[in-house]
Structure formats: C-alpha cells, structure tokens
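Below are the chains, spelled out letter by letter.
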Amino acid sequence: MVVKVKNVVKRYEEKIALDHFNMEVNEGEILGLLGPNGCGKTTAINCILSLLKFDKGEIQVFGRKMTPNSYDIKRQIGLVPQEVSVFENLTVKENIDYFCGLYIDDKNTRRQYVEEAIEFVGLKDYVRFYPRKLSGGLKRRLNIACGIVHKPKLIFLDEPTVAVDAQSRNFILEGIKKLNREGSTVIYTTHYLEEAEMLCNRIIIMDNGKDIASGTIEELKAMITTSEKIVIRFVNIEDEVINKMYKIPHVIDIERNGEDFIIKFENGINNLSNLLSFIAEYNLTYIKLYSQLPTLNDVFLELTGKELRD
Amino acid sequence: MNIIRNYIYQGKNLFRDGTFLFWAMVYPIILAFFFNLAFSSMMNVNFDDIQVGIEENNYIFPILEEIEFINIHKITQDQVDEKLFNEEIDAFVDSDLHLTVKKSGIRQTIIKEVVEQIKQTVKLNRPIDGTEFSVNYVAGKNQESNSVIIIFYSLIAMVSTYGVFAGIETASLMQANLSNLGLRINATPLKKQNFLIAGVIVSLLLNLLANTGLLLFINYVLKIHLFTNIAYSLIFIILGNLLGVILGIFIGVSNKKSPNVKTAIAISLTLFLSFLSGMMGPWIKAIIEKYAPFLNRINPISIITNNLYRINLLGNTKSLGEGIAVLLIYSMVLLIGSYVFLRRKSYDSI
C-alpha cells in the first residue's frame, strides 16, 4: 500500500472539508479522485502531504505516518499543484533544475533528469523563457516538469489540465500514462469525467468531503441500476404511448431531453430488440435511435442526486 | 540539497525581481538625485576664502591675516558701503571689533565668531597663536551648513533597511499558506531553516549591493563625500540591512495580506521613520529632538542616521554602543516574533 487514509476529518471552522474520508492507493496504479470543485480533493492531497492539519484520522505514506518532517518520504514524492507554482524570475530550465536539485544531489544525474523532464513535457524550445512569456498550456507543462523531474515513486497531480488547450491536455495525459508505465504511482484529481475514464485504473468519487464510491470504472458502473440508455427521437408520439413504454422489460425511467427521449434500462438483455418490438407494435416512426452505456456522470448522478458536468 | 545552489537560485530569483530592483536599487538613486537637485545650493558653500574688510591700523589685522580661510581687504571706512554693495567683502571689522555686513549668512557668522574668539582670547590675555580657527570655526560651520547632509545619511539609513523587500519575498516562499510556490516548496524535502538562512544571506548581500550602488552614485556622480570612517559606518549599514531583512520576514510571515499590501506596509513604515529622522528636511529632526527626543532614540532609522552623522562629520566614534544595542534588540525581537509564525509546520488552512 503506497497511501492509506483512514477516517480523516478536516474542518474549516464550521465547514467540514473532509468527512471521514478514506482512501487506499496501491503501488503502480493511477488513482483518480473525481468530484466537483470544492468537494475536498485538494484538501485531501494537502492532508496526505502533511501541509494541512486534520482534526481526526490517520494517514500513512509508504507504510509510515506522514509528518511535516518526514523528509525521507517527501524525497519519494512529486507534487504538481493545481496552481502553476514556479519561480517567475527563473527560466524554464532554471526552475526545473532548482526543483530537481531539492531531491537529487549528484550533478550528472541531475543534469540528465533535467534534460529528460524538458523533453518529456516538450519544452525544449522554451528552456530560456521566463514563465511569464509562456502560454497557459506551456506553463502547466512546466508546472508538471518541476513536479516529476526527480522521478518520484508517488506523484500527486492536482487538476493539472485545468484551463489547458486540447493539444496540451492530450500531451499531459499521455505523459501521465508514460510516467505510470515507467513505474510511478499516480494520484490524479480531476472533475473532468472523460479524463478520469481515459486515465485511471481506479477511481474514488468524492462529494462534500466524503468518498462516496470507489472501484474500477466497470465496478462503479455496476453499482448503479441503469445499465443501458437508449436515446430515441420520434416523429410524433402521444403521452399515452410514452407511459406504455414503462411496460417494456427492464425500463426504469424515461427522460425527455428536448425532442429526444432517454429510456433507461436496468440490468437485462435484449433491451434494444424489446424497444424495437414496441415501436413496431404501436407503429411508431423514429428518426434517431442509439444505445449508450452508462457514464461516470450517470454513476455520480445516481449516487449523489446531482450531475458532474465538465 | 546543495546549499550553494539554493543560494544561487534564490539570489537569481530575487535579483531579477522587478519590485526588489526598483525599490532597493532604482528608487534610492532617484531620491538621491532629486535631493541633490533640491539642496545642492545649500551644500556647496565654499568657506575657503571669506572676504573680510579691515583698516590696516586695526590691531587684529595681523591676526586675521594669519587665518588661512580669511582673505583680508585693506580698506578705509569710506569704502565699506561700496565694497559690501559690490559683494567684494562679506563683512567689515571696525576698530571696536564691530561687524558691518550687507546680509547675514554663514560667512558672516563665521567672521563674527572668529572676531568674538579673538576678543575673548585677548581679554583673557592668552596668546592668539594657540587658537586653531580652522578647527573651531570652519569645521564647525561646515558641519552646520551640512545639516542638509543629514538628508543623505537618512536616505542611506532608509535604504539600508530596504532588505525588507527581500525579507518579504523570502517569507512568502517559505510558507505554504502564503503562496503557491510556498506550498510546493513545503512539499519538498528542503528544510525550512535551510531556505530561511539562504534567504537571509542572499537578501543581505543583494541589499548591500544595492546600498553600494547608491553610495557610489552619491560619491562619484553627485560628488558628495559622506564617509570619513567607512569601517564604523559599515557597522550601522550592515545592522540596518539585518534589521530590514528580519523586519521583512516578520511582515511576510505574520499575516496573510497580499504581497502588494505587505510591500506597501514596508514602504510606508520605512518612509515614515525616515521622515522622522530628517530625510525630508533636517528641521523635522530638530523639532522631534526638542519636543519628543525619545523618538530619535528609538527610531531605528534615526539611530542609523545619527550615528553615521556622528561618525563621519563629528568624527565621534565613542558611545556607538547604545545605537548598536538598540538595533540588535529590534532584530532579535522581530526574529523571535518571526520564529513563532515560522515554526508552524502544518497549516490550519491554505
């Protein structure tokens, strides 16, 4: 176990930021902390890193209690904070070299690592630039380079793709996969659903400071009653016929979204053929029909009663 | 971590910081330039050749003739008005040793004091030869006229405390609850005390460099020679730097205001203390000395100003201990105060 968080409570005066929060991270995985803004993701990271005091609970990193003076543990950790946190008056290369030097003493190793990090984040053409001269996406890449340059065993990436253009986002996500392939365990916070689906081996869904569900994407989807959604647009249909659709096997809900109807099915087979039989029986005409598997948003919706939109 | 690398990078970061560069390096030079423009006429009085009119039969004629900085004009009573009007002489000394002047000023005051001294010496039947006029009067009057120089000592005192800006920057980088970079640095294995020591040393060195720039500018560009005793002066300048850096760290760590607000606090505080120490005009210092003298004893910028003045213009290097002690006490108190805030390792909120 790389990280173990047990029943951690963190209060900001009256507000509970972490409410008996639990988390376990295994070596070699990419764990996603998924939740809306303000749900406690960053607070959880800051508590794990012993930057924030917490009121109750226990945190272990690499099997040991994490304290502000756990320099040996800190040596194995890399942090990419949510805000770009670099020296504005040092160049790209100087920044990366500075942070690398906080971990790596050997000059040659440091030089090699700095070059590799620059290559890794694609900033080779910008090494002499000051951060203020970089675009938002390039600054984010620098922010990442400073956090991963020393090749840490455990990397915290706190919403590294916020306000990043599509090109840089893909670059960053591919980079994180590569880091993981090279042996780093990654804890990745995000409120972007598709990022979590694309990147993470396992996800913890957070809301109001609580871990409301955790598991692989398949495990999370299996937790909800909806197993399939069929979206259909009829040419013309009466409300009475809509109500009769509830009699189709496994239908649990029908939502109207503009001109489309979203028919939700619980676990079952032949949902599409059952719907098509119904359409033939009532001689209905449709102009659009497709089936969808549930998304993480459906999981979040069903677990919390609210949507987690990008 | 290689400590030297930490020093180098902190130094680079600070040296390239626009706020630091402006306030510590450019702003003092601008101030010195404008002070010089405003007060240069008051400082550039030449006392070497004070013109004195006197009748040849006056008994002090031979005495005045021997005084180096006095240029004797043998004139008669009838020529006095014309010579004074044409400003060929600064004063006329009659046979009763009364002075006739066209206007009052430093030159006339010097002549008056010289004549008074001769009168007293003669009355006491002491030999005139033993009186050293240049020391007693000219040096004294130079100092008096150079009360304007207090402005420059006060300016130097103020900028010696401008390590305050570097101190604020260092504090901000050390605390996870003060800056994003502080948060990141706190997550690394870098020990806080190492960062602090590097920050203090780098801040001191850079501010001393900035001070050196100002002193060179005053000495070689403005051609105002302020220092006759560099060693003792340096003690106070370095103590000012130390106090400034520690004050900056205290301002930096003791509250969660924005960096701009903290900079504004530092500027206001140092400017106000400099104002009280006579930077905007020596008369302020004189008023405070008259009505609230304790302020001059406790104002750190006044302490530095007064001691620079005493060391370099009065040549007095005794009794410097009180000033040194007060500055060290301030530094210690602020350091302890800063430590109280800095020792927090984890934060209640970030």
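Residues numbered from 1 in each chain as written. Chains lettered and ligands numbered in written order. Predicted model: local features only at pLDDT ≥ 70, side-chain atom pairs only at ≥ 80, totals over all residues.

Check the secondary structure of chain A and you find 11 helices and 14 strands. On the principal axes, the C-alpha backbone points of chain A span a range of 75 × 45 × 35 Å. Expressed as a percentage of its 310 residues, the buried residues of chain A come to 43%. (Helix = DSSP H or I, 4+ residues; strand = E, 2+ residues; numbered from the N terminus. Buried ≥ 20, exposed ≤ 12 C-beta atoms within 10 Å, placed from the backbone.)

So, on to the overall build of chain B. Counting its regular elements, chain B contains 16 helices and four strands. Residues classed as buried in chain B amount to 38% of the 350 residues present. Taking the intrachain contacts of chain B between residues at least 6 apart in sequence as the baseline, contacts between residues at least 24 apart amount to 73%. (Contact = placed C-beta atoms within 7 Å.)

What the domain assignment lists for chain B is domain 1 (3–42 + 147–342) and domain 2 (50–145). One C-alpha centre belongs to domain 1 of chain B, the other to domain 2 of chain B, and the line joining them spans 45 Å. (Domains from an automatic or database assignment.)

Next up on the list: the domain arrangement of chain A. The domains assigned to chain A are domain 1 (3–220) and domain 2 (225–293). The C-alpha-based centres of domain 1 of chain A and domain 2 of chain A are spaced at 43 Å.

Here we take up the sheet that holds strand β7 (residues 154–158) of chain A. All names here are of chain A. Strands sit in the order β6-β7-β8-β3-β9-β10 across an open sheet of six strands; the sheet is mixed. Edge positions in the sheet fall to β6 (77–80) and β10 (210–215), since each has one partner strand and no second. The sheet shows a mean angle of 15° between the axes of neighbouring strands, direction not considered. As defined by bridge partners, strand β9 (residues 202–207) adjoins β10 across five bridges and the pair is classed as antiparallel. When the bridges of β10 are listed, Asp 207 appears paired with Lys 210. (Pairing = 2+ DSSP bridges. Axes fitted to C-alpha atoms, helices over the stretch in contact; angles between N-to-C directions.)

Bringing the packing of helix α8 (residues 163–174) of chain B against helix α11 (residues 230–253) of chain B into the picture now. All names here are of chain B. Contact geometry for α8 and α11: axes closest at 6 Å, N-to-C directions at 40°. It follows from the interaxial angle that α8 and α11 lie oblique. The handedness of the crossing between α8 and α11 is right-handed. Across the interface between the two elements, Gly 163, Val 164, Phe 165, Ala 166, Gly 167, Ile 168, Thr 170, Ala 171 and Ser 172 of α8 pack against Asn 241, Gly 244, Val 245, Ile 246, Leu 247, Gly 248, Ile 249, Ile 251, Gly 252 and Val 253 of α11. Tallied by class, residues from the contact of α8 with α11 come to 11 nonpolar, eight polar and no charged. (Parallel < 35°, antiparallel > 145°, perpendicular 65-115°, else oblique. Left-handed = near helix turned anticlockwise from the far one by under 90°. Nonpolar A, V, L, I, M, F, W, Y, C, P; charged D, E, K, R; others polar.)

It is worth spelling out the interface of chain A and chain B at this point. With 27 residues of chain A in contact, the opposing surface of chain B contributes 24 residues. Those elements that place two or more of their residues in the side of chain A that touches chain B are α2 (71–74), β6 and α3 (92–101) of chain A. The element best represented in the side of chain A that touches chain B is α3(A), accounting for three residues. The class makeup of the residues in the side of chain A that touches chain B is 15 nonpolar, six polar and six charged.

This part is about helix α7 (residues 149–160) of chain B. Residues and elements named next belong to chain B. Between its first and last C-alpha atoms α7 spans 17 Å; for 12 residues at 1.5 Å apiece the expected length is 16 Å, and the two agree. Buried residues dominate α7, accounting for 12 of its 12 residues. Residues of α7 that are buried include every one of Ile 149, Ile 150, Ile 151, Phe 152, Tyr 153, Ser 154, Leu 155, Ile 156, Ala 157, Met 158, Val 159 and Ser 160, and no others. (Expected span 1.5 Å × (residues − 1).)

Looking at soluble globular proteins, one finds that nonpolar side chains tend to be buried together. Within the largest apolar cluster, 148 residues are counted, with the highest numbers of intra-cluster contacts made by A:Ile48, A:Ile96, A:Ala145, A:Val149 and B:Phe152. Here this core takes 12 residues from α11(B), the largest share from any one element. Not counting residues within four places of it along the chain, the set of residues in contact with A:Val149 comprises A:Ile96, A:Phe99, A:Cys100, A:Tyr113, A:Val114 and A:Ala117. (Core = buried A, V, L, I, M, F, W, Y, C linked by C-beta atoms within 7 Å.)

Turning next to the packing of helix α15 (residues 300–312) of chain B against helix α16 (residues 321–342) of chain B. Residues and elements named next belong to chain B. Between α15 and α16, whose axes approach to 10 Å, the crossing angle comes to 150°. Between α15 and α16, the crossing angle belongs to the class labelled roughly antiparallel. As for the relative orientation of α15 and α16, their crossing is left-handed in sense. Residues Pro 300, Ile 303 and Asn 307 of α15 touch α16, and the partners they reach there are Gly 323, Val 326, Leu 327 and Tyr 330. Class assignment for the residues of the contact of α15 with α16 results in five nonpolar, two polar and no charged.

This part covers the confidence of the model for chain B. Residue and element names in this part refer to chain B. Overall, the predicted model of chain B reaches an average pLDDT of 84, with 89% of residues at or above 70. By mean pLDDT, helix α6 (residues 133–145) is the weakest element of chain B at 46, and α11 is the strongest at 95. Of the regions scoring below 50 in pLDDT, residues 134–145 engages in 20 contacts with residues more than four places distant in sequence or in other chains. Across the assembled chains, the prediction reports ipTM 0.87 with pTM 0.78. (pLDDT = per-residue confidence, 0-100.)

What follows concerns the pairing of strand β2 (residues 15–25) of chain A. All names here are of chain A. Examined bridge by bridge, strand β1 (residues 3–12) and β2 share seven bridges and lie antiparallel to one another. Counterpart to Val 5 in the pairing with β2 is Met 23. Between β1 and β2, which pair antiparallel and follow one another directly, the connecting turn spans two residues, one of which, Glu 13, has a positive phi of 55°.

Take the environment of A:Leu289 next. Tracing the chain through its elements places A:Leu289 in strand β14 (residues 286–292). Between the C-alpha atom of A:Leu289 and that of A:Arg233, which follows or precedes it by 56 residues, the distance is 6.6 Å.

Residues and elements named next belong to chain A. A positive phi angle, near 50°, is found at Asn 208, a position not held by glycine. Looking at the element boundaries, Asn 208 is found in the loop between β9 and β10. Owing to 16 C-beta atoms within 10 Å, Asn 208 belongs among the partly exposed residues under this scheme. Unlike most non-glycine residues, Asn 283 shows phi in positive territory, near 55°. The topology assignment puts Asn 283 in the loop between α10 (271–281) and β14. Residue Asn 283 is classed as exposed on the basis of its 6 C-beta neighbours within 10 Å.

The residue B:Leu314 is located in the loop between α15 and α16 in this model. In the structure, B:Leu314 is positioned 86 residues away from B:Thr228 in sequence and 9.8 Å away in space, judged by C-alpha atoms.

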